[in-house]
Amino acid sequence: MSDQIYQERIVALAKAKTGAGKLENPTRTARRDNPLCGDRVIVDVRLDGEGRIAEIGHQVRGCLLCQASASALSAVAVGRDAAGIAELRHDAERALGREPGETHEPFDAFAPVAAHKSRQECVLLPLEALKDALA
Amino acid sequence: MAGEGTGMSIGMSFDVAAVRGQFPILSEIIDGLPVHYLDNGASAQTPLAVIDAVRRYETTGRANVLRGVHRLAERATESYENARAQVASFLGVPTMEIVFTGGCTAAINLVAYSYGALLKPGDRILLSELEHHSNIVPWQLLRSRSGIELDMLPVTTDGRIDLSALPSLLTPKTKLVSLAHVSNVTGALLDVRTVVEAAKSVGAKVMLDGAQRAPHGPLDLPSLGIDFYAFAGHKAYGPNGIGALWGRPELMDAMPPFMGGGSMIGRVTLAETTWAPSPRRFEAGTPPIGPAIGLGAACAWMQALDWAAAHEHEMDLVQRLMDGLQKIDGTQLFGPAGLQNRYPVVSFMLDGVHPHDVAQTLDSFGVAVRAGHHCAQPLMERFDLDGTTRVSMAPYNDNSDIDVLLAGVAHAAKTLR
Ligand SMILES: Cc1ncc(COP(=O)(O)O)c(C=O)c1O
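These numbers come from a predicted model, not from an experiment. (Residues numbered from 1 in each chain as written. Chains lettered and ligands numbered in written order. Predicted model: local features only at pLDDT ≥ 70, side-chain atom pairs only at ≥ 80, totals over all residues. Heavy atoms only, no water.)

A. Here's a closer look at the sheet that holds strand 17 (residues 388-392) of chain B. Residues and elements named next belong to chain B. Across the sheet, four strands lie side by side as 13-14-17-16; this open sheet has antiparallel pairing. At either margin of the open sheet sits one strand with a lone partner, and together these are strand 13 (331-334) and strand 16 (370-372). Across the sheet, the mean angle separating the axes of adjacent strands is 30 degrees when strand polarity is ignored. As paired elements, strand 13 and strand 14 (residues 345-350) share four bridges and run antiparallel to each other. Bridge pairing in strand 14 links leucine 333 to phenylalanine 348. Contacts between helix 11 (residues 307-326) and the sheet are confined to strand 13, strand 14 and strand 17, with strand 13 contributing the most and set at about 145 degrees to the helix. Seen against the sheet, helix 14 (residues 399-415) touches strand 13, strand 14 and strand 17 and runs at an angle of roughly 20 degrees to strand 14. (Pairing = 2+ DSSP bridges. Helix = DSSP H or I, 4+ residues; strand = E, 2+ residues; numbered from the N terminus. Axes fitted to C-alpha atoms, helices over the stretch in contact; angles between N-to-C directions. Contact = heavy atoms within 4.5 Å.)

So, in structure tokens, the structure goes:
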């Protein structure tokens, strides 16, 4: 075997399924599809009075990377507004080696995907969907 | 016997090492891993015979075709027309009935445009739910241009086109039935005779998308009774950017051109232009000459192979794969269960693991497969699948390719769920 993309932390994030499921009364919902691979993410959010995320739920029909990313995102999304989510996006981009700089928990777990360009959209799809939901 | 052009063979030996030796890429070591190439349905590898033919053209006979009087131009024209003869021989048809196209997609689009131009609003075309997007979208484009209607044959749970629906879906308005000769997802071989009989009874023409059948040996198109046949060079051990279309000459000569330009004309005045007969009519502009020569060489290479033995070898690999998958907990095949009337394309799912993660794991073992919807999204929707992992074989694959793949699937099953 060569370079391993599915390191323990990524598999653990996917298995944790943090935030998996639908919200009862979402303020906003957005869906993103990746037409190339068929991955699909639906994100529900409930917002507080100031546009910050009070609760998040996601439904992922996609690969382990997409599930892990949705799970990572849900673990740190609560309390953030659109600008705060944009900051997470930069963190993910840094982990994937697409932006310079240091990356932090939990998106630093995706560093092994830096070497696999064709799979990077899988990691970014939940972030895209959440951005749409907050737009 | 699994299909046309593959004779019965009992216990013939097939020298897979000798075949492998003709494909330089198979002895590469990439990032420390040997190449286990099982993504032939997407693009096959190419043998030295093809590489040499293209190189010979580029180094000793490169010029445009059909236009010059100088000797390089004559040499190029001769090689190009010889390639047409090689493709025609592979398909069992007269040389001048072969049109070179940019690929299988281009060939289907040509028919959709030019045969489509003969259709009237309300005419119908019959397809199936397992078609590759390239045998769906060109017809949808035609529908929005010209008001024809599309009908879809359903698919059985074992991944075959359900021909029992033919009588109810064929109408006197049906002008064309266009189906995959072999499915690029399930490997199922179409029962062409049944389709042709039913289509003829309502006066409809039949087109076959041969993209996944051509890589598995010569054909005898006249015996099939069909009207159009399309395939791609790069899946049949030839270069990219080239494919071929065969059409019945009386149909082809009734069809208007697909593209206009040089080479396809009879006479051009500013007021009017008359068309050259097929195949020139459908080869506007400078064709992909080197790729056409490569495709000719690929067809000759395939014709020289003992396909009775090669087919048996391919089916042995399918059996080995199916047996091995069955031993891994949570695998499920999508496609015909047996070896009858199929080609070596096998799709499977692994419970709880997305196909892309299976394929990515296999890549870390040096195994190339395809995962996803295989450009057949309607089929995936129909069976509510996220996609499949597809193993598509060629005569140069061997037991070790299958064994390493099985080890990779077992590893994915153990670590990813
Ligand atoms: C059944 C089938 N038809 C058509 C095509 C299109 O071939 P190309 O992309 O080479 O034009 C493919 C290729 O994937 C195929 O598998």
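B. Focus on the packing of aromatic side chains. All names here are of chain B. Per the counting criterion, the structure on display carries eleven aromatic pairs over all chains. Geometrically, the ring pair formed by phenylalanine 23 and tyrosine 396 is tilted, given 4.5 Å between the ring centres and 55 degrees between the ring planes. Taken together, the residues span a long stretch of sequence, with phenylalanine 23 in the loop between helix 1 (16-20) and strand 1 (29-30) and tyrosine 396 in the loop between strand 17 and helix 14 at a distance of 373 residues. Residue classification places phenylalanine 23 among the buried positions, given a relative accessible area of 0%. Overall, tyrosine 396 belongs to the buried group, its relative accessible area being 0%. By the ring-pair criterion, three or more aromatic residues cluster together here, those being Phe23, Tyr237, Trp301 and Tyr396. (Phe/Tyr/Trp six-rings, centres within 6.5 Å; stacked < 30°, edge-to-face > 60°. Buried < 20%, exposed > 50% of the residue type's maximum accessible area, 1.4 Å probe, protein only.)

C. The sheet that holds strand 1 (residues 28-33) of chain A, seen in detail. All names here are of chain A. Across the sheet, which stays open at both edges, the three strands sit in the order 1-2-3 with antiparallel pairing between neighbours. This sheet does not close on itself; its edge strands, each paired only once, are strand 1 and strand 3 (53-61). In this sheet, adjacent strand axes meet at a mean angle of 15 degrees when their direction is disregarded. Sheet topology note: the strand 2 (residues 40-47)/strand 3 ladder contains eight bridges and is antiparallel. Paired with valine 41 across the strands is valine 60, a residue of strand 3. The strands that helix 2 (residues 64-77) touches are strand 2 and strand 3; relative to strand 3, the one it contacts most, it runs at about 175 degrees.

D. A look at the pairing of strand 5 (residues 124-128) of chain B. Residue and element names in this part refer to chain B. Extensive coverage of strand 5 is indicated by the burial of four of its five residues. By the bridge criterion, five bridges tie strand 5 to strand 6 (residues 149-153) in an arrangement that is parallel. Residue pairing in the sheet places leucine 127 in a bridge with methionine 152 of strand 6. Tracing the backbone out of strand 5, into helix 5 (residues 137-146) and back to the parallel element strand 6 gives a crossover that is right-handed. When strand 5 meets strand 7 (residues 174-180), the two strands line up parallel, connected through three bridges. Of the residues in strand 7, the one forming a bridge with arginine 124 is threonine 174. (Right-handed = clockwise from strand over helix to strand, strands pointing away.)

E. Highlighting the packing of helix 12 (residues 355-364) of chain B against helix 14 of chain B. Residue and element names in this part refer to chain B. Between helix 12 and helix 14, whose axes approach to 9 Å, the crossing angle comes to 125 degrees. Relative to helix 14, helix 12 is oriented oblique. As for the relative orientation of helix 12 and helix 14, their crossing is right-handed in sense. Only Leu405, Gly408, Val409, His411 and Ala412 of helix 14 make contact with helix 12, whose side of the interface consists of Val358, Thr361 and Leu362. (Parallel < 35°, antiparallel > 145°, perpendicular 65-115°, else oblique. Left-handed = near helix turned anticlockwise from the far one by under 90°.)

F. Structural context of the site of the ligand. Residues and elements named next belong to chain B. Around the ligand, a shell composed of Cys104, Thr105, His132, Ser134, Asn184, Asp209, Ala211, Gln212, Ala232, His234 and Lys235 is seen. A distance of 3.4 Å is found between an oxygen atom of the ligand and a backbone nitrogen or oxygen belonging to cysteine 104. Between the ligand and threonine 105 there is a distance of 2.5 Å, counted from an oxygen atom to a side-chain nitrogen or oxygen. Bound to the protein, the ligand loses 86% of the 390 Å² it would expose on its own. Here the shell around the ligand is built from residues that sort into three nonpolar, six polar and two charged. (Near = heavy atom within 4 Å. Polar contact = N/O pair within 3.5 Å; in protein donor to acceptor, adjacent residues only side chain to side chain. Areas by Shrake-Rupley, 256 points an atom, 1.4 Å probe, with all protein chains shown as cover. Nonpolar A, V, L, I, M, F, W, Y, C, P; charged D, E, K, R; others polar.)

G. Seen up close, the packing of helix 2 of chain A against helix 4 (residues 120-134) of chain A. Residues and elements named next belong to chain A. Running from amino to carboxyl end, helix 2 crosses helix 4 at an angle of 45 degrees, the nearest separation of the two axes being 7 Å. Taken together, helix 2 and helix 4 sit at an angle that is classed as oblique. Crossing geometry of helix 2 relative to helix 4 is assigned as right-handed. Judged by residue contacts, Leu65, Cys66, Ser69, Ala70, Leu73 and Ala77 of helix 2 engage Cys122, Val123, Leu125, Pro126, Leu127 and Leu130 from helix 4. Along the lines of polarity and charge, the residues of the contact of helix 2 with helix 4 split into eleven nonpolar, one polar and no charged.

H. Broad picture of the environment of alanine 230 of chain B. All names here are of chain B. When you line up the elements, alanine 230 lands in strand 9 (residues 228-232). Considering only alpha carbons, one finds alanine 230 and leucine 245, 15 residues apart in sequence, at a separation of 4.6 Å. Discounting chain neighbours no more than four positions away, the residues touching alanine 230 are Cys104, Ala107, Ile108, Met207, Leu208, Asp209, Gly210, Ala211, Ala244 and Leu245.

I. Summary view of the pattern of salt bridges. Residue and element names in this part refer to chain A. Taken as a whole, this structure holds 30 salt bridges over all chains when the rule is applied. Ionic pairing is found between glutamate 87 and arginine 94, a salt bridge with its closest N-O pair at 3.0 Å. Relative accessible area serves as the criterion here: at 40%, glutamate 87 is assigned to the partly exposed category. Put simply, aspartate 91 and arginine 94 hold a salt bridge, and the shortest N to O gap is 3.2 Å. Of the two residues, aspartate 91 and arginine 94 are both situated in helix 3 (residues 82-95); the distance of three residues between them amounts to about one turn of the helix. The residues aspartate 91 and arginine 94 share a single accessibility class, namely buried. Through salt bridges with shared partners, a single ionic network connects Arg32, Arg89, Glu93, Arg98, Glu121, Glu128 and Asp132. (Salt bridge = Lys/Arg side-chain N within 4 Å of Asp/Glu carboxyl O.)

J. Examining the nonpolar core more closely. If you look at the biggest cluster of nonpolar residues, it comprises 80 residues, and the most contacted ones within it are Leu91, Ile226, Phe231 and Tyr237 of chain B. For this core, the element with the highest residue contribution is helix 10 (residues 289-304) of chain B, accounting for nine residues. Built from parts of two domains, this core gets at least three residues from each of domain 1 (16-34 + 306-415) and domain 2 (51-303) of chain B. In this structure, Leu96 of chain A together with Ile328, Phe365 and Val409 of chain B belong to the second largest nonpolar core, which totals 67 residues. (Core = buried A, V, L, I, M, F, W, Y, C linked by side-chain atoms within 4.5 Å. Domains from an automatic or database assignment.)

K. Helix 1 (residues 8-16) of chain A, seen in detail. When we look at burial in helix 1 of chain A, the residues that qualify are Ile10, Val11, Leu13 and Ala14 of chain A. For helix 1 of chain A, the angular spread of buried residues about the axis comes to 160 degrees, placing them on one side. Each element contacted by the buried residues of helix 1 of chain A is listed here: helix 2 of chain A together with helix 14 of chain B. Looking one or two places after helix 1 of chain A, you find lysine 17 of chain A, whose phi comes out positive at around 50 degrees. (Arc of directions from axis to C-beta.)

On their own, these measurements won't tell you what the molecule is for.
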